Amino acid sequence: MIAARIATNNRRGSHRPACWAAPWAHRADHRIRLLWAAHSVHHSSNFFNMSTNLRLPWFQPVSYTLRSLAWLPAALLGFPVWMIFLLNTAGLIFQIPFHTQRIGKLWAPLEFIFNSPSHHRVHHGSNQPYIDKNYGGVFIIWDRLFGSYAEEIEPVRYGLIHDVETQNPIKYNYIETVAMLRDTAKARTWRGRLGYIFGPPGYSESKKAEDQLVSA
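Residues numbered from 1 in each chain as written. Predicted model: local features only at pLDDT ≥ 70, side-chain atom pairs only at ≥ 80, totals over all residues. Heavy atoms only, no water.

A.B. asks: Got a minute to help me understand the confidence of the model for the protein chain in this structure?
C.D. replies: Do not read the predicted coordinates in detail wherever pLDDT is low. Confidence in the prediction of the protein chain, expressed as mean pLDDT, is 86, and 87% of residues score 70 or more. Highest mean pLDDT in the protein chain belongs to helix α8 (residues 117–123) (98); lowest belongs to helix α1 (residues 2–13) (39). Confidence over residues 1–15 falls short of pLDDT 50; this stretch has 2 contacts with residues more than four positions distant or in other chains. Here residues 212–216 scores under 50 on pLDDT; set against residues more than four positions off or in separate chains, the count is 1 contact. (pLDDT = per-residue confidence, 0-100. Helix = DSSP H or I, 4+ residues; strand = E, 2+ residues; numbered from the N terminus. Contact = heavy atoms within 4.5 Å.)

A.B. asks: Sorry, what's going on with the pattern of salt bridges here?
C.D. replies: Summed over all chains, the structure comprises 7 salt bridges. The salt bridge involving R31 is made with D132; its shortest N-O contact spans 2.9 Å. Of the two residues, R31 sits in helix α2 (residues 15–31) while D132 sits in the loop between α8 and α9 (141–146), which places them 101 residues apart along the sequence. In this structure R31 comes out as partly exposed when scored by relative accessible area, which is 39%. Look at D132 and you get partly exposed, because its relative accessible area is 25%. (Salt bridge = Lys/Arg side-chain N within 4 Å of Asp/Glu carboxyl O. Buried < 20%, exposed > 50% of the residue type's maximum accessible area, 1.4 Å probe, protein only.)

A.B. asks: How should I be thinking about the environment of R102 in this particular structure?
C.D. replies: Tracing the sequence through the fold places R102 in the loop between α6 (81–95) and α7 (108–113). With a relative accessible area of 81%, R102 lands in the exposed category. Each C-alpha atom of the pair R102 and N49 lies 8.7 Å from the other, and the pair is 53 residues apart in sequence.

A.B. asks: How should unusual backbone geometry be read in this particular structure?
C.D. replies: Residues other than glycine predominantly adopt negative phi, and peptide bonds predominantly adopt the trans conformation. Following Q128, the chain continues to P129 via a peptide bond in cis, the omega torsion being 10 degrees. Tracing the backbone through its elements, the reader meets P129 in the loop between α8 and α9. In this structure, F59 takes a positive phi of about 40 degrees despite not being glycine. Its location among the elements puts F59 in the loop between α3 (33–39) and α4 (61–68). Judged by its relative accessible area of 65%, F59 falls in the exposed class. You will see that D132, though not glycine, has its phi angle at about 60 degrees, which is positive.

Set out below in C-alpha cells:
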C-alpha cells in the first residue's frame, strides 16, 4: 500500500519536470548556436501571424537530438515516454493562437502566470528590450522568476537581427548552419571552434580574446 501511494504521488507530481523542460529547452534554442541554427528559422519572418507558427526547420537531426535531452530528467524519473510526447505536443498546440497581432493584452492575472499573444510578440522581437525574452510556452511565470521576462511596451520589430535577404526556403533553413560551420572552420583555437558551436549566437573568438586582454 505504501509503495502504491508513493508511485501515485510520483505520477501526480511528474508533470513538474515536463513543465520545466520546455522553457529551458526553448532557452537553449536561443543561447546555444547549434540549436539556434535550427530555431532561427521560426524567427526569420518579418511578419507575425498564424503562418509564423508553421515556419519550422527541416531535417536538423543533431539539433533535434541535443534539444530532446531537456526531457531526459522526466524520463529518468519514470515519466512515460508517450506522456512526454503528449505534453510537448499539447504545449505546441497551446501556443498556436499566440502568433497574432490582433489580440491585445489579456486579463492581468492570466498575463501574470500564462503565456499570451502579447508575451509571445515580445519573444519574437528583434529589437531591444525584447531580444532573448519570454521563453515560456505555457507558463510565463518561469521568465518572471529567472529574469528573462519583458513587457510589451513599444512596437515590436519582427524577424532576425540581421535579416536573411532571400525567399529561398532551402537557404532559409540552412543559412545559419552554413554560417556556423564557416565560422568554426576559420577559428584559430579549439576554444574558438567550440564557442562557435556551443556558445551563444553572436559569439566571436576575436572579441573573446580582446575581453581577456582587457581583464588581464
